[in-house]
Amino acid sequence: MLEIRDLHASIDGKEILKGINLTIKDGEVHALMGQNGAGKSTLSNIIVGHPAYEVTQGSIVFNGQDLLAMAPEERAHAGIFLSFQQPVEIPGVSMTNFMRAALNAKRKAQGLEPLNATDFLKMMRERRKIVELDNKLANRSVNEGFSGGEKKRNEIFQMAMLEPTFSILDETDSGLDVDALRIVAEGFNKLRTPQTSALVITHYQRLLDYLKPDIIHVLIGGQIVYTGGPEVATMIEESGFDQFIR
Amino acid sequence: MNNNKKNISSSKTDNSSPSGEVGRGVAAIQYIDLYRECRDMIAEHSASLLNAPREQALADFERLGFPTQKEERYKYTDVAAAFAPDYGLNLQHIDIPIDPYQVFRCDVPNLSTSLYFVVNDRFYDKALPKAMLPEGVLVMSLLEAAVKYPELIGKYYAKQARTHKDGINALNTMFCQDGLFIYVPKGVVVTRPIQIVNILRADVDLMVNRRVLIVVEEQAEACVLFCDHAIDDHQFLTTQISEVYIGENAHLELYELEETHVKNHRFANMYVDQQRSSSATIDSITLHNGLTRNRTDVTLSGEYAETNMYGCVIADKQQHVDNNTLIDHRVSNCQSNELYKYVLDDEAVGAFAGRVLVRENAQKTVSQETNANLCATDTARMYTQPMLEIYADDVKCSHGSTVGQLNEQALFYMRQRGIPEAEARMLLKFAFAGEVLDSIKMEPLRDRLHHLVEKRFRGELSKCEGCRLCK
């Protein structure tokens, strides 16, 4: 599904990623753990094509396509989704219009007709339930006046609407209470299929207890220094990141 | 019409004219000469009430000339340059061949209005809508009203729009021969909106000096929608002076929508006087234009009056939109609320100067003024100047303005969800302007404007909808 080779990247001339190699296969959930400033968010931003980051070396191939040559919206149409660490508020743009524009743009890219209003609203209703998102929120402007937890739930709701094949959860657990964390994680699990995969970025084991990743990577200083199974989360929880610093 | 119009160019070459003093500028002198040459003709095709203030207006205009950019209220628009070219004037009241019902199809579906047309400066009375107005309500030619209802016109005409300080008022008062009169007598509630479509129509470049007088007496209510269109591909220059009186406990909603073309120049001065416990909603929307300068002065003369003033400007290419407002709190316990939003693209220039004046005895005034602007390109320019002048000590007032670009984070967020960049930009601009459109109380008009603004941002509205040119 996703193959990252020798990826170097910088922002404002400062090198953040120093040769990342990462392969994620269909159906796999990988977790990426690491200290603040290690480059976790940089990696996720580069996968989705944030214009502030510059790739200086390396490649990312997504289902056979050269991802780095594609515009952010093209990557989205190809099936890539990012659950933002800090979802953006967009006053004046209703969730409904926003979702409709996003969904129909994707359908257009796939050669499909736009969804009619009835089917679209029905879909909104159904998918909302996955993360128990209130109808009132769906009628508001995008993320405006949403609590931290609601914003994160809204991210997973959008994921449910857009049905990506590869999702990145960038610290989706940050700022969530226990109940909200459970709702978000269970929502994500409901959306998993053998054809979808994900990269989960987190500091904590708590989220991973729900998501049960297949593989965990440790990112330090812009490089993946350790890769292992679910036990890595426990190692980090018990002894921190120092054990991985050579 | 060509043969009968008075063209300014005939007088422009006469540099030996006694009025040719230095200082007022060539642009002003040609109008002074033209007036002197044609004053009898102007008067002959108008009414004595409209003729009465002309000579004083001439004296004022001779003294003032066109406002220069050194004057505080005209800082952002070069008036003389706009008036300098040769325009024809239809001073002889020649009939313009037009059937507005043919060239204009109403742009606002589901909006049931009493529809009237003003062609250039003349009220079109050849085919009036079937009388849907309550008894006593008048929507008619100002010229005709000045003859038929001299007491009414004499009481209100040229009282607020004084000529001694504003060169454009003076020029308009010299030349205007007709226009529109709307009268809603005491206690009458006009439920159906009155829609006035101003059509600019000419076979040559044309100057129009139009006058509007609106009187809403005590406890009366009305809603008036003006739509400005220019249907011919010529240069147009319009001066429009409006005087609006809102009596005690009366309520007026006034919407002005400009949808003209890039060769149009609009200088519109509006004066509103509000009596005790009255309310006014004044919405000015510039959707497409050439050069526009709107001045709106509201005087709160009676206590407990409320003013809501909104403006929405969408400009691109080299369009120029300058809104200049004054809300004068003369008495206590009044409220005013002002919100103007601009979205500027390409090399468009926007200006907003809004002054809120709270006089010494205007205690308990509540006033809020906001101007927010979006410059979507590096080359678009916005000048903003919110002004708050308070001489009373027990008031609640605020003012502020912002100029910014599209939110890059929001833009990226939308693109990550698959919304193409151009569409995302459009949605953000639309969302920004939407706040002003939401203030429109008339629902079909609000819906229609949302639609028109969206089309405008999509670039599908390059001229104006509903006009012959665009069919």
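Now for a look at the structure at hand. (Residues numbered from 1 in each chain as written. Chains lettered and ligands numbered in written order. Predicted model: local features only at pLDDT ≥ 70, side-chain atom pairs only at ≥ 80, totals over all residues. Heavy atoms only, no water.)

Description of the overall build of chain B
Counting its regular elements, chain B contains twelve helices and 21 strands. For a compact globule of 471 residues, the expected C-alpha radius of gyration is about 23 Å, and chain B comes in at 22 Å, within 12% of that figure. When the backbone C-alpha atoms are referred to their principal axes, chain B occupies close to 65 × 50 × 45 Å. Here chain B holds 471 residues, and the buried ones make up 62% of them. Counting contacts in chain B only where the partners sit at least 6 residues apart, residues at least 24 apart contribute 84% of the total. Just so you have it, chain B exposes about 17,600 Å², and 46% of that area is on carbon and sulfur atoms. Measuring between centres, the 51 positive side-chain charges of chain B sit 1 Å from its 65 negative side-chain charges. (Helix = DSSP H or I, 4+ residues; strand = E, 2+ residues; numbered from the N terminus. Rg over C-alpha atoms; globule rule 2.2 N^0.38 Å. Buried < 20%, exposed > 50% of the residue type's maximum accessible area, 1.4 Å probe, protein only. Contact = heavy atoms within 4.5 Å. Areas by Shrake-Rupley, 256 points an atom, 1.4 Å probe, with all protein chains shown as cover. Lys, Arg positive; Asp, Glu negative; His and termini not counted. Charge placed at Lys NZ, Arg CZ, Asp CG, Glu CD.)

Focus: unusual backbone geometry
Of note, A:Lys212 is a non-glycine position whose phi angle comes to about 50°, a positive value. Tracing the sequence through the fold places A:Lys212 in the loop between helix H8 (205-211) and strand E11 (215-220). For B:Ala158, which is not glycine, the phi dihedral falls at a positive 60°. Mapped onto the secondary structure, B:Ala158 falls in the loop between helix H8 (150-156) and helix H9 (167-175).

Thoughts on the sheet that holds strand E17 (residues 335-344) of chain B
All names here are of chain B. The strand order E4-E3-E7-E9-E11-E13-E15-E17-E19-E21 describes an open sheet built from ten strands, whose pairing is mixed. Of all the strands in the sheet, just strand E4 (122-123) and strand E21 (396-404) have a single pairing partner and so form its edges. With six bridges connecting them, strand E3 (residues 114-119) and strand E7 (residues 194-200) associate as parallel partners. Note on E7: the bridge partner recorded for Tyr116 is Ile196. Sitting on the sheet, helix H11 (residues 421-437) touches strand E13 (279-288), strand E15 (306-315), E17 and strand E19 (366-375), and the angle it makes with E17 is about 155°. (Pairing = 2+ DSSP bridges. Axes fitted to C-alpha atoms, helices over the stretch in contact; angles between N-to-C directions.)

Some remarks on the layout of surface pockets
Considered as a void within the structure, the largest pocket measures approximately 670 Å³ in volume. Along the wall of the largest pocket there are 25 residues; nearest its centre are B:Arg73, B:Lys165, B:Tyr271, B:Arg295 and B:Asp297. Ranked by the residues each element gives to the lining of the largest pocket, the list is headed by strand E14 (residues 291-300) of chain B, at four residues. Of the residues contributing to the lining of the largest pocket, the split by class is six nonpolar, five polar and 14 charged. Put simply, the second largest pocket is a space of about 490 Å³. If you trace the second largest pocket, you find 22 residues lining it, with A:Asn97, B:Glu423, B:Leu427, B:Phe430 and B:Glu454 closest to the centre. When its residues are assigned to classes, the lining of the second largest pocket shows nine nonpolar, six polar and seven charged. (1 Å grid on protein atoms, 1.4 Å probe; cavity = no way out; pocket = protein on both sides within 12 Å on 5 of 7 lines; lining within 4 Å. Points joined across faces, edges and corners; volume = space filled by probe spheres on them. Nonpolar A, V, L, I, M, F, W, Y, C, P; charged D, E, K, R; others polar.)

A short note on the pattern of salt bridges
All names here are of chain B. Evaluated as defined, the whole model comprises 35 salt bridges over all chains. With a shortest N-O distance of 2.1 Å, Glu62 and Arg36 are connected by a salt bridge. Of this pair, Glu62 sits in helix H4 (residues 54-64) while Arg36 sits in helix H2 (residues 26-44), and the two are 26 residues apart along the sequence. Judged by its relative accessible area of 21%, Glu62 falls in the partly exposed class. Arg36 gets classed as partly exposed once you look at its relative accessible area, which sits at 32%. Between Glu72 and Lys75 there is a salt bridge whose closest N-O contact spans 3.8 Å. We classify Glu72 as partly exposed; its relative accessible area is 43%. Look at Lys75 and you get partly exposed, because its relative accessible area is 33%. (Salt bridge = Lys/Arg side-chain N within 4 Å of Asp/Glu carboxyl O.)

A word on the interface of chain B and chain A
Buried accessible area, meaning the area lost when the parts come together, often serves as the stated size of an interface. Across the contact, 16 residues belong to chain B and 29 residues belong to chain A. A per-residue breakdown of the area chain B buries against chain A is headed by B:Phe412, B:Tyr413 and B:Arg417, which together make up 42% of the total. One salt bridge connects B:Arg415 with A:Glu73, and the closest N-O pair in it is separated by 2.6 Å. Counting across the chain B and chain A interface gives eleven residue pairs in polar contact (both at pLDDT 80 or more). Of all the secondary-structure elements, those providing two or more residues to the side of chain B that touches chain A are helix H10 (408-416) and H11 of chain B. Examining the composition of the side of chain B that touches chain A, we find that seven residues originate from one element, H10(B), more than from any other. Classifying every residue of the side of chain B that touches chain A by side-chain character gives nine nonpolar, three polar and four charged. (Buried area = accessible area lost by both parts, 1.4 Å probe. Polar contact = N/O pair within 3.5 Å; in protein donor to acceptor, adjacent residues only side chain to side chain.)

Regarding helix H1 (residues 40-48) of chain A
Residue and element names in this part refer to chain A. Taking burial as the measure, the nine residues of H1 include eight buried ones, the bulk of the element. Restricting attention to buried positions, one finds in H1 the residues Lys40, Thr42, Leu43, Ser44, Asn45, Ile46, Ile47 and Val48. Within two residues after H1, Gly49 carries a phi angle of roughly 85°, on the positive side.

Examining the environment of A:Gln205
Residues and elements named next belong to chain A. Here Gln205 shows up in helix H8. Accessibility expressed as a relative area gives 16% for Gln205, which makes it buried. With residues near it in sequence (within four places) discarded, Gln205 still touches Ala233, Thr234 and Glu237.

So, empty space enclosed by the protein
Residues and elements named next belong to chain B. Tallied over the entire structure, the rule returns five cavities of 30 Å³ or more. The computed volume of the largest cavity comes to approximately 110 Å³. The wall of the largest cavity is formed by Leu89, Asn90, Leu91, Asn120, Asp121, Phe175, Cys176, Gln177, Leu206, Met207, Val208 and Asn209. For the lining of the largest cavity, the element with the most residues is strand E8 (residues 206-216), which contributes four residues. Its residues assigned to classes, the lining of the largest cavity shows seven nonpolar, four polar and one charged.

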